[in-house]
Protein chains: 2
Amino acid sequence: MSKKIVAGHGSGGKLMNDMIEKVIRARFGRDILQLDDAAVLPTGGADIAFTTDTFTITPIFFPGGDIGTLAVNGTVNDLAVMGSRPLYISCALILEEGLELGDLERILDSMKSEADRAGVKIVTGDTKVVPAGKADRIFINTSGIGVFDAKVSRGDIVPGDKIIVNGTIGDHGMAIMALRNNLSFSRGLQSDCAHLNHMIGAVTGRFPESVKFMRDPTRGGVASVLNEIVQGKPFSARLFEDALPVRDEVKGVCSILGIDALYAANEGKALFIVRAEDAEPIVRILKETPEGKEAAIIGDINKEFPGRAYVETTIGGRRILPLLTEEQLPRIC
Amino acid sequence: MSKKIVAGHGSGGKLMNDMIEKVIRARFGRDILQLDDAAVLPTGGADIAFTTDTFTITPIFFPGGDIGTLAVNGTVNDLAVMGSRPLYISCALILEEGLELGDLERILDSMKSEADRAGVKIVTGDTKVVPAGKADRIFINTSGIGVFDAKVSRGDIVPGDKIIVNGTIGDHGMAIMALRNNLSFSRGLQSDCAHLNHMIGAVTGRFPESVKFMRDPTRGGVASVLNEIVQGKPFSARLFEDALPVRDEVKGVCSILGIDALYAANEGKALFIVRAEDAEPIVRILKETPEGKEAAIIGDINKEFPGRAYVETTIGGRRILPLLTEEQLPRIC
């Protein structure tokens, strides 16, 4: 392991997982510091979920949102995919000297508006200012608390379970990369940044025992989440290439930049692993929500290539989706 | 108000308060976004306290601790001064490319060790890496959750109440400033960085109805906290100069750098406003704890100069302690 921090340590891939495992969890505890998106915590009363996320995205404004919308929705979604109902979030700012006050206000307006729509309250905060050249305009940490007030049980993942996503893949990552690379043809492409708690509540409310796993595929994308699920397990995750919802604009940017949409960040998507028999009805419920109109079954849990995630191509080939080692899309969130 | 972010926006003084009021609370809500150190949150079961703090201190290692000890103790103390019992904290890292892995490990070791001693668990985390020149080695956000499992009532502050501090003032701020300014004569001077939850629990356990207010005087120091308490109120906060516990080394550094110890940051101190009749017994209890050996009554709530904090000097003069406008000691925490 490299003795200095490199970009790949923030990749959501192997280098980052190694560091979390060897450097962080080795100290803070493997049982306690959970690899899920949030910690589930007993408090004496109802159990709560607790999560934290720092946002360092560049640029801070982009089609479909800004660092503020991202900061609220990212944390709301981390709580929602744990099966909890998000209630409260914090807002801790690192501001670089020289940041335009108008930019800060615009970002805070986004946060407030997203929080209202998601139904969460911003209840505590902190502000630090650092000299020019010691940050990049603004970094935001949001931590969040959710409650488990509905019973959602989470049975074991078994071969045959279906993999569902609530819409198109890679929109956020490719919108940011197009913007950074001034790809003008990508007009219309925008981040999918959205809060998913209401959509997820609609699914778990109707099918409290069908969903075995949920996760928002942000940094590292769908491929990284699937790798995490199957690693060391006696089963694999198979995606059907022709079932993957990918916008044409995303395909275009991916092909120019040589990026696989399955590794591109999403900020308004959740992956669901569900019982096979409930997959179709769950997709129908998803399609009734604004965030799930393009929901689809995109694959299943399989026995072929245990421990691996892979794509079955339209012509019947197999393409393994390796765990990323290096940072592919730095500062995407 | 300036249209660009300047260092003073992080000062803990007037410029920062203005920004929090006009830019942040104006959006997120004056009732909801509390000015206390943590939000008190109903969850259906026991009420919880929720707080967040980002640490951007430079240098990251200093006599008496490092950015990791600071990050754990700062958040533990914010929860403790609210009267809650700290249970869980998060750890969100922003790492600058090129940071020595050994430095990161040393900081994480500090966090683990402090968390263990404080009796809190680090339960969730996040890691972001930014390019060299876009951060300053490492920034840490810790958010925390505490529970209100003991009844502590908080009566109104009235003239006659006593002001107590658990030990010497300004140690953290002056240790950092001495280090930054290479003041070699300051050997022996070190940060007071410590977790105060056990000490505070000893006081509130024995005197559940005597403590009217607690706060850890970090950025902006004792003077800033007292200003916050009395602002707009029909009473003042009076400190007795000869009662203020200040180390000789701190006095020395303060005098060379032209800094008032009352505005210097503390990281192991709490101010208590208590019922007059219980002040002496509370000091006795504080003195029985490791963090309170030098506890003292340092002043009282008074009627002279309503809305102001001031020092009564040894020769009987009065020195008003204004609310800071500018950043005096940048990046002290």
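Cut-offs used in this document
- Residues numbered from 1 in each chain as written.
- Chains lettered and ligands numbered in written order.
- Predicted model: local features only at pLDDT ≥ 70, side-chain atom pairs only at ≥ 80, totals over all residues.
- Heavy atoms only, no water.
- Helix = DSSP H or I, 4+ residues; strand = E, 2+ residues; numbered from the N terminus.
- Contact = heavy atoms within 4.5 Å.
- Areas by Shrake-Rupley, 256 points an atom, 1.4 Å probe, with all protein chains shown as cover.
- Lys, Arg positive; Asp, Glu negative; His and termini not counted.
- Charge placed at Lys NZ, Arg CZ, Asp CG, Glu CD.
- Buried area = accessible area lost by both parts, 1.4 Å probe.
- Salt bridge = Lys/Arg side-chain N within 4 Å of Asp/Glu carboxyl O.
- Pairing = 2+ DSSP bridges.
- Axes fitted to C-alpha atoms, helices over the stretch in contact; angles between N-to-C directions.
- Least-squares fit on C-alpha atoms with pLDDT ≥ 70 in both.
- Parallel < 35°, antiparallel > 145°, perpendicular 65-115°, else oblique.
- Left-handed = near helix turned anticlockwise from the far one by under 90°.
- Nonpolar A, V, L, I, M, F, W, Y, C, P; charged D, E, K, R; others polar.
- Domains from an automatic or database assignment.
- Buried < 20%, exposed > 50% of the residue type's maximum accessible area, 1.4 Å probe, protein only.
- Phe/Tyr/Trp six-rings, centres within 6.5 Å; stacked < 30°, edge-to-face > 60°.

Brief notes about the overall build of chain A
When helices and strands are counted, chain A shows eight helices and 14 strands. Overall, the C-alpha framework of chain A stretches about 55 × 55 × 45 Å when taken along its three principal axes. For chain A, the share of sequence-separated contacts (at least 6 apart) that also reach a separation of at least 24 residues comes to 83%. Summing over all exposed atoms, chain A offers an accessible surface of approximately 11800 Å²; the carbon and sulfur share of this is 50%. Charged side chains in chain A number 38 positive and 44 negative. The centres of these two groups are separated by 3 Å.

With respect to the interface of chain A and chain B
Taken together, the 77 residues of chain A in the interface contact 77 residues of chain B. Buried area between chain A and chain B, both sides added, is near 6600 Å², and the carbon and sulfur share of it is 66%. Looking at the side of chain A facing chain B, the largest losses of area belong to I5, R27 and F28 of chain A, adding up to 12% of the total buried there. On the surface where chain A and chain B come into contact, there are eight salt bridges.

What about the sheet that holds strand β12 (residues 296-302) of chain A?
Residue and element names in this part refer to chain A. Taken together, seven strands build an open sheet; the order of strands is β9-β11-β8-β12-β10-β13-β14 and the sheet is mixed. Across the chains shown, the open sheet's two edge strands, defined by having one partner strand only, are β9 (211-215) and β14 (318-320). Neighbour-to-neighbour, the strand axes of this sheet turn through a mean angle of 25°, independent of strand direction. Relative to strand β13 (residues 309-312), strand β10 (residues 236-240) runs parallel, the two sharing four bridges.

Regarding the sheet that holds strand β13 (residues 309-312) of chain B
Residue and element names in this part refer to chain B. The seven strands lie next to each other as β9-β11-β8-β12-β10-β13-β14, forming an open sheet whose pairing is mixed. Two strands lie at the open edges of the sheet, namely β9 (211-215) and β14 (318-320), each paired on one side alone. Strand-to-strand twist of the sheet, defined as the mean angle between neighbouring strand axes without regard to direction, takes the value 25°. Direction of pairing for strand β10 (residues 236-240) relative to strand β12 (residues 296-302): antiparallel, over a ladder of four bridges. Directly across from R238, in β12, lies its bridge partner D300.

Here we look at the relation of the copies chain A and chain B
Rotating chain A by 180° and translating it 0.0 Å along the rotation axis places it on chain B, where the RMSD comes to 0.0 Å. The symmetry that links the two subunits is that of a two-fold axis. Counting the interface residues of chain A, we find that 100% of their copies in chain B are interface residues as well, pointing to one common contact surface.

Brief notes about the packing of helix α4 (residues 171-180) of chain B against helix α7 (residues 248-257) of chain B
The description of two packed helices rests on the angle between their axes and on the distance between the axes. Residues and elements named next belong to chain B. It is at 10 Å that the axes of α4 and α7 come closest, and there the two elements cross at 60°. What the angle tells us is that α4 and α7 run oblique. The two elements α4 and α7 meet at a crossing, and its hand is left-handed. Contact residues: α4 offers D171, M174, M177 and A178, while α7 offers V250, V253, C254 and L257. The residue inventory of the contact of α4 with α7, partitioned by class, reads seven nonpolar, no polar and one charged.

Digging into the domain arrangement of chain A
Residues and elements named next belong to chain A. Domain boundaries assigned for chain A yield domain 1 (36-147) and domain 2 (162-320). The gap between the C-alpha centroids of domain 1 and domain 2 is 23 Å. Taken together, the 24 residues of domain 1 in the interface contact 19 residues of domain 2. In this assembly, domain 1 packs against domain 2 so that about 1800 Å² is buried in total across both faces, 59% of it on carbon and sulfur atoms.

With respect to the pairing of strand β8 (residues 162-165) of chain B
Residues and elements named next belong to chain B. Across four bridges, the pairing between β8 and strand β11 (residues 271-274) is antiparallel. Considered in β11, the bridge of I163 is made with I273. Across four bridges, the pairing between β8 and β12 is antiparallel. The partner of I163 across the bridge, within β12, is G299.

Thoughts on unusual backbone geometry
All names here are of chain A. At the junction of T58 and P59, the peptide bond is cis and its omega measures out at 0° in the coordinates. Look at R137: it is not a glycine, yet its phi comes out positive at around 70°. For R137, a relative accessible area of 33% gives the class partly exposed.

Some details on the pairing of β13 of chain B
Residue and element names in this part refer to chain B. Alternating positions in β13 separate into two faces, A309 and V311 on one and Y310 and E312 on the other, with burial throughout. Relative to β14, β13 runs antiparallel, the two sharing three bridges. Counterpart to E312 in the pairing with β14 is R318. Where β13 folds back on β14, the antiparallel hairpin that results is connected by five residues, among which G316 adopts a positive phi of roughly 90°.

Section: the packing of aromatic side chains
Two descriptors summarise a pair of aromatic rings, namely the distance from one centre to the other and the angle between the planes of the rings. Taken as a whole and judged by the stated rule, the model has three aromatic pairs over all chains. A centroid spacing of 6.3 Å and a plane angle of 85° characterise the contact between F50 of chain A and F50 of chain B, whose relative ring orientation is edge-to-face. Of this pair, F50 of chain A sits in strand β2 (residues 48-55) while F50 of chain B sits in strand β2 (residues 48-55), which puts the two residues in different chains. What makes F50 of chain B buried here is its relative accessible area of 0%.

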